[in-house]
Amino acid sequence: MSDATGEPDRLVRENETLRSRVTALEAEAERFKTTLQSIGDAVISVDTGGNIRQMNPVAQTLTGWGEPAALGQPLARVLRIVNEETRAEVESPVERVLREGVVVGLANHTLLIAKDGKERPIADSGAPIHNAKGETTGAVLVFRDQTEDRCAEKKVRAAEERFRTFFDNAPIGKCMTAPDGRLLRVNAAFGAMLGYSIEELQTLSFASITHPDDIAESQECVRALLAGERDTWAMEKRYI
């Protein structure tokens, strides 16, 4: 015969346990939402049908879509991406993620076309979202604006081109040497001075073309520069 007087207490305890679990889940969801909103990259999550479930502020800024309007929309409608060179539409990594269940990165030279028509180069990757049973329940896409990176790369390439032009066309002999003495880069004037082709010099070391009596000072020059004891070193030497 059961004790009916204990039933209310049991229900109260179960109710309190349930409330604690709900509170913990709500707190966890709030922490996740705060983290998502604070991420510096754009983040979009979709369900197994490829429809948008969440977008963080960066994703909203880059796509031009507010989250309320984007929720439930097919990702392809919100995230319009094309090849920068051919202008052909690019398959979203999320489509392959959902199809194959693998982490996928976006190809180079991809442009994001925002809702207002503004274009930005982006880099991104997609990954599957799994539940506790290991089943795929959706996918997440993380991407970032590469506009500043592209500008920096152009500046670096321009600087490298200026250096190559100055180095290769200088009227005086120039060479760059590795720490072990190998000649990494030489210009035409240096080769003409010694009677070697540029290709031949790049198979040699400075020691192999230096007069034996000058090798010790040349090696000390390299040692002092690599050790940071000197910023520059000037010397007269004889080449063979």
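What you are looking at is a predicted structure, and each value in this text was computed from that prediction instead of being measured.

**Student:** When you look at the pattern of salt bridges in this model, what are you seeing that I'm missing?
**Tutor:** With the rule as written, the count across this model stands at 12 salt bridges. For Arg96, the salt bridge identified is with Glu100, shortest N-O distance 3.1 Å. Placement of both Arg96 and Glu100 in helix H5 (residues 93–100) is noted, with a separation of four residues, approximately one turn of the helix. One salt bridge in this structure joins Arg120 and Asp145, with 3.7 Å as the shortest N-O distance. Remark: Asp145 occurs in strand S7 (residues 136–145) and Arg120 occurs in strand S6 (residues 119–130); sequence separation between them is 25 residues. Judged by its relative accessible area of 12%, Arg120 is buried. Relative accessible area serves as the criterion here: at 31%, Asp145 is assigned to the partly exposed category.

**Student:** Explanation requested: unusual backbone geometry in the structure shown.
**Tutor:** A negative phi angle is the norm for most residues apart from glycine, just as the trans form is the norm for most peptide bonds. The backbone of Arg87 shows a phi angle near 70°, a positive value even though the residue is not glycine. Within the secondary structure, Arg87 is located in the loop between strand S3 (80–83) and H5.

**Student:** What am I meant to see in the packing of aromatic side chains here?
**Tutor:** Pairs of aromatic rings are described using the distance from one ring centre to the other and the angle between the two planes. Scanning the entire structure with this criterion turns up two aromatic pairs. Plain terms: the ring middles of Phe163 and Phe167 are 5.5 Å apart, the flat faces sit at 40° to each other, and that makes the pair tilted. Of this pair, Phe163 and Phe167 both sit in helix H6 (residues 147–169), four residues apart, which is roughly one turn of that helix. Residue class for Phe163 comes out partly exposed when judged on its relative accessible area of 38%. Seen from their ring centres, Phe190 and Tyr239 are 5.5 Å apart, and the 90° between their planes marks the pair as edge-to-face. With Phe190 in helix H7 (residues 188–194) and Tyr239 in the segment after helix H9 (215–226), this pair connects stretches of sequence that are 49 residues apart. On the basis of relative accessible area, Phe190 is assigned to the buried category, the value being 3%. Given the relative accessible area of 32%, Tyr239 is considered partly exposed.

**Student:** Would you mind showing me how to read the side chain of Gln73 here?
**Tutor:** If you trace the backbone, Gln73 turns up in the loop between helix H3 (67–70) and helix H4 (75–78). A polar side-chain atom of Gln73 sits 2.6 Å from a polar atom in the side chain of Arg77. What Gln73 contacts, discounting residues up to four positions off in sequence, is Gly50, Asn51, Ile52, Trp65 and Val78.

**Student:** I'm lost on the confidence of the model for the protein chain in this one. Help?
**Tutor:** Where the model shows low pLDDT, its predicted coordinates should not be examined in detail. Per-residue pLDDT for the protein chain has a mean of 86; in total, 84% of the residues score no lower than 70. The element-level mean pLDDT for the protein chain is lowest in helix H1 (residues 7–38), coming to 62, with H7 highest at 94.

**Student:** Is there a simple way to think about H9 in this case?
**Tutor:** In an α-helix, one full turn covers 3.6 residues, which means residues spaced three or four apart are oriented alike. For H9, with 12 residues, the first-to-last C-alpha span of 17 Å sits near the 16 Å given by 1.5 Å per residue. Taken as a whole, H9 has its buried residues at Ile215, Ser218, Cys221 and Ala224. Once H9 finishes, Gly228 follows within two positions and takes phi at roughly 80°, a positive value.

**Student:** Looking at this structure, I do not really get the pairing of strand S5 (residues 110–113). What am I missing?
**Tutor:** Residues in a regular strand point their side chains to alternate faces of the sheet. Of the two faces of S5, the one carrying Thr110 and Leu112 and the one carrying Leu111 and Ile113 are both buried. Where S3 meets S5, four bridges bridge the pair, whose relative direction is antiparallel. Opposite Ile81, over in S5, you have Leu112 as the bridge partner. As defined by bridge partners, S5 adjoins S6 across four bridges and the pair is classed as antiparallel. Among the inter-strand pairings, Thr110 is bridged to a residue of S6, identified as Ile122. Counted along the chain from S5 to the antiparallel partner S6, the turn is five residues long, and its residue Gly117 has a positive phi close to 95°.

**Student:** Before we go on, may I ask you to explain the nonpolar core in this structure?
**Tutor:** Here is a general trend for soluble globular proteins: nonpolar side chains tend to be buried in one another's company. With 22 residues, the main nonpolar core has Ile44, Ile52, Met55, Leu75 and Phe143 as its most contacted residues. For this core, the elements supplying multiple residues, two or more each, are strand S1 (42–47), strand S2 (52–55), helix H2 (57–63), H4, H5 and S7. Counting seven residues, the second largest nonpolar core, distinct from the first, contains Phe190, Leu194, Phe206 and Ile209.

Parameters at a glance
- Residues numbered from 1 in each chain as written.
- Predicted model: local features only at pLDDT ≥ 70, side-chain atom pairs only at ≥ 80, totals over all residues.
- Heavy atoms only, no water.
- Salt bridge = Lys/Arg side-chain N within 4 Å of Asp/Glu carboxyl O.
- Helix = DSSP H or I, 4+ residues; strand = E, 2+ residues; numbered from the N terminus.
- Buried < 20%, exposed > 50% of the residue type's maximum accessible area, 1.4 Å probe, protein only.
- Phe/Tyr/Trp six-rings, centres within 6.5 Å; stacked < 30°, edge-to-face > 60°.
- Polar contact = N/O pair within 3.5 Å; in protein donor to acceptor, adjacent residues only side chain to side chain.
- Contact = heavy atoms within 4.5 Å.
- pLDDT = per-residue confidence, 0-100.
- Expected span 1.5 Å × (residues − 1).
- Pairing = 2+ DSSP bridges.
- Core = buried A, V, L, I, M, F, W, Y, C linked by side-chain atoms within 4.5 Å.

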